[in-house]
Amino acid sequence: MNKDKFRLWILVTIVSISGFSQGMLLPLIAVIFEKGGVSSSLNGLNAIALYIGILLISPFMEAPLRKYGYKPTIIFGGGLVVLALAMFPVWKSFWFWFCLRALIGIGDHALHFATQTWITSSSPADKRGRNVSLYGLFFGIGFASGPLMTPLVNINESLPFIVSSLLCFIGWVFVFTLKNEFPEQEVGINSFLNTIKRFSKTMKVGWVAFLPPFCYGFLESSLNGSFPVYALRMDIDVAKVSIMLTVFAVGGIITQLPLGVLSDTYGRRNLLMVILLLGFFTFTSASIFEHSFIGLFVSFLLSGMVVGSTFSLGISYMTDLVPRNLLATGNLLCGIFFSLGSLSGPIIGGLFIQFFKGISFFYIISTMLLTLSIILYVFGKKTFPMVEQQNS
């Protein structure tokens with residue numbers, strides 16, 4: 001195995017461990033708080049702590065990455081996640097857990113920002129969709145496994161946190177085997193003012209590519225943070241909730257790589273428009289069949305298959321539109337928009353469940369997917385010729 005393949009496999013492996021911890025935390029803590037009598041809106045507030053951490057650290061991430069390189073950034077992020085996960089059993093407190101989730105957000109963002117940029121900057125154009133989809137695939141495998149830990153709360157509340165921290169530690173150790181590399185540099189690149197200027201340049205060129213990560217963040221956090229509360233109030237037990245969330249993630253795993261390869265051939269924008277529109281139909285069907293376990297099972301599986309690749313396709317689309325010297329900034333903005341979507345998901349979902357009891361929770365998601373598909377159709381085609389030029 002050559003060094004590029006070895007590095008890719010190490011990076012996607014640690015991302016899968018990170019996905020596992022994220023996939024576990026959202027439904028696990030939502031269930032613990034719901035059983036403890038915490039309101040759905042406060043439950044949603046606690047869920048956004050991870051994304052607050054991401055947003056707080058985002059403006060300060062690019063300079064250390066360029067100064068110290070990919071490997072130290074990943075080591076810092078992974079170590080912080082392991083430490084925070086191990087601290088959960090120490091003290092069961094709403095605000096203590098809020099702070100720990102914020103620390104995990106900071107660590108996860110450092111880890112994902114560095115791995116995304118490393119993979120996108122080192123991938124040739126004709127394999128970019130495939131490599132980024134592998135990144136998404138392994139994150140999805142980890143994320144799909146996470147909710148399966150939720151029933152362990154019935155044995156011991158500390159057990160899922162201990163298992164997750166140990167797995168993250170194992171993945172973290174493998175990063176030390178990699179040789180450090182640095183992103184493409186520019187004169188004066190490390191000044192905060194230049195970071196803001198690059199944010200502006202990157203937004204002008206690739207703003208439409210940041211909407212799919214926003215949408216996926218909203219989708220993922222509302223499903224994992226708010227749907228368990230909605231389901232428990234509909235008398236769906238915890239085991240079935242964890243199955244639903246796992247089925248959605250498995251759907252994304254099934255199609256992640258095929259969709260990435262298709263995007264290399266037919267274009268990211270075209271594929272994104274199609275899968276978002278199909279996602280609108282599948283989540284609308286979930287609202288129709290929400291009282292049927294089989295109906296929800298099928299709807300979640302199909303939904304995962306069509307929209308489970310939204311984030312990785314958004315990253316690939318951004319990479320097509322943004323110059324190489326702005327790739328780090330573009331990846332950072334993908335993380336920021338994902339966080340903004342993730343922040344709004346549990347808040348809107350929690351408020352919706354609390355105040356609109358007669359309306360299906362799934363209408364929020366289906367409406368967003370349809371809206372984004374229309375935006376890509378109207379505005380995305382203006383930038384798509386640039387993609388063709390860069391790939392030609």
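What counts and how
- Residues numbered from 1 in each chain as written.
- Predicted model: local features only at pLDDT ≥ 70, side-chain atom pairs only at ≥ 80, totals over all residues.
- Heavy atoms only, no water.
- Helix = DSSP H or I, 4+ residues; strand = E, 2+ residues; numbered from the N terminus.
- Buried < 20%, exposed > 50% of the residue type's maximum accessible area, 1.4 Å probe, protein only.
- Contact = heavy atoms within 4.5 Å.
- Areas by Shrake-Rupley, 256 points an atom, 1.4 Å probe, with all protein chains shown as cover.
- Lys, Arg positive; Asp, Glu negative; His and termini not counted.
- Charge placed at Lys NZ, Arg CZ, Asp CG, Glu CD.
- Patch = residues over 30% accessible without salt bridge, like charges linked within 9 Å, V, L, I, M, F, W, Y side chains within 5 Å.
- Salt bridge = Lys/Arg side-chain N within 4 Å of Asp/Glu carboxyl O.
- Core = buried A, V, L, I, M, F, W, Y, C linked by side-chain atoms within 4.5 Å.
- Expected span 1.5 Å × (residues − 1).
- Arc of directions from axis to C-beta.
- Disulfide = S-S within 2.5 Å.
- pLDDT = per-residue confidence, 0-100.
- Phe/Tyr/Trp six-rings, centres within 6.5 Å; stacked < 30°, edge-to-face > 60°.
- Lys NZ or Arg CZ within 6 Å of the ring centre and 35° of its normal.

A tally of helices and strands in the protein yields 18 helices and zero strands. Across its three principal axes, the protein shows a C-alpha extent of roughly 55 × 45 × 40 Å. By residue count, 61% of the 392 residues in the protein fall in the buried class. A separation threshold of at least 6 residues defines the contact pool for the protein, and within that pool the share at least 24 residues apart is 87%. Accessible area for the protein stands at about 15200 Å²; split by element, carbon and sulfur atoms hold 72% of it. One way to put it: in the protein the 25 positive side-chain charges average out to a point 6 Å from where the 16 negative ones average out.

This part is about a nonpolar patch on the surface. A cluster of nonpolar residues, Ile 347, Ile 348, Leu 351, Phe 355, Phe 356, Ile 359 and Tyr 363, forms a patch on the protein surface that exposes about 650 Å² of accessible area. With four residues, the top contributor of residues to the nonpolar patch is helix α16 (residues 327–355). Counting through the fold element by element, Tyr 363 comes out in helix α17 (residues 362–379).

Ranked by internal contacts, the top residues of the largest apolar core, which has 120 residues, are Leu 223, Phe 227 and Phe 362. The biggest single contributor to this core is helix α1 (residues 3–35), with 15 residues. In this structure Phe 362 touches Leu 223, Phe 227, Tyr 230, Phe 283, Ala 286, Ser 287, Glu 290, Leu 296 and Phe 300, once residues within four positions along its chain are discounted.

Taking 1.5 Å per residue, 16 residues should reach 22 Å; helix α8 (residues 159–174) reaches 24 Å between its end C-alpha atoms and fits that length. Those residues of α8 not exposed but buried are Pro 160, Phe 161, Ser 164, Ser 165, Cys 168, Gly 171 and Trp 172. The buried residues of α8 occupy one face: seen down the axis, they fall within an arc of 130°. Elements that come into contact with the buried residues of α8 comprise α1, α5 (70–87) and α6 (94–122).

This model, assessed by the stated rule, comprises zero disulfides. Of the cysteine sulfurs around Cys 168, a residue in no disulfide, the closest is that of Cys 99, at 20 Å. For Cys 168, a relative accessible area of 6% translates into the label buried. The thiol of Cys 334 is not disulfide-bonded; the next cysteine sulfur, from Cys 215, is found 13 Å away.

Overall, the prediction assigns the protein a mean pLDDT of 83, with 95% of residues at 70 or greater. By mean pLDDT, helix α18 (residues 384–391) is the weakest element of the protein at 40, and α5 is the strongest at 93. The model gives residues 382–392 a pLDDT under 50, and that stretch makes 20 contacts with residues more than four places away or in other chains.

Right, let's talk about the packing of aromatic side chains for a bit. A full pass over the atoms with the stated rule returns 27 aromatic pairs. For the pair Phe 94 and Trp 95, a centre-to-centre distance of 5.0 Å together with 80° between the ring planes defines the contact as edge-to-face. Overall, Phe 94 belongs to the buried group, its relative accessible area being 17%. One aromatic cluster is present, built from ring pairs that chain together Phe 33, Phe 88, Phe 94, Trp 95, Trp 97, Phe 98 and Phe 161. Above the plane of the ring of Phe 293 lies Lys 240, whose end atom (NZ or CZ) is 5.3 Å from the centre.

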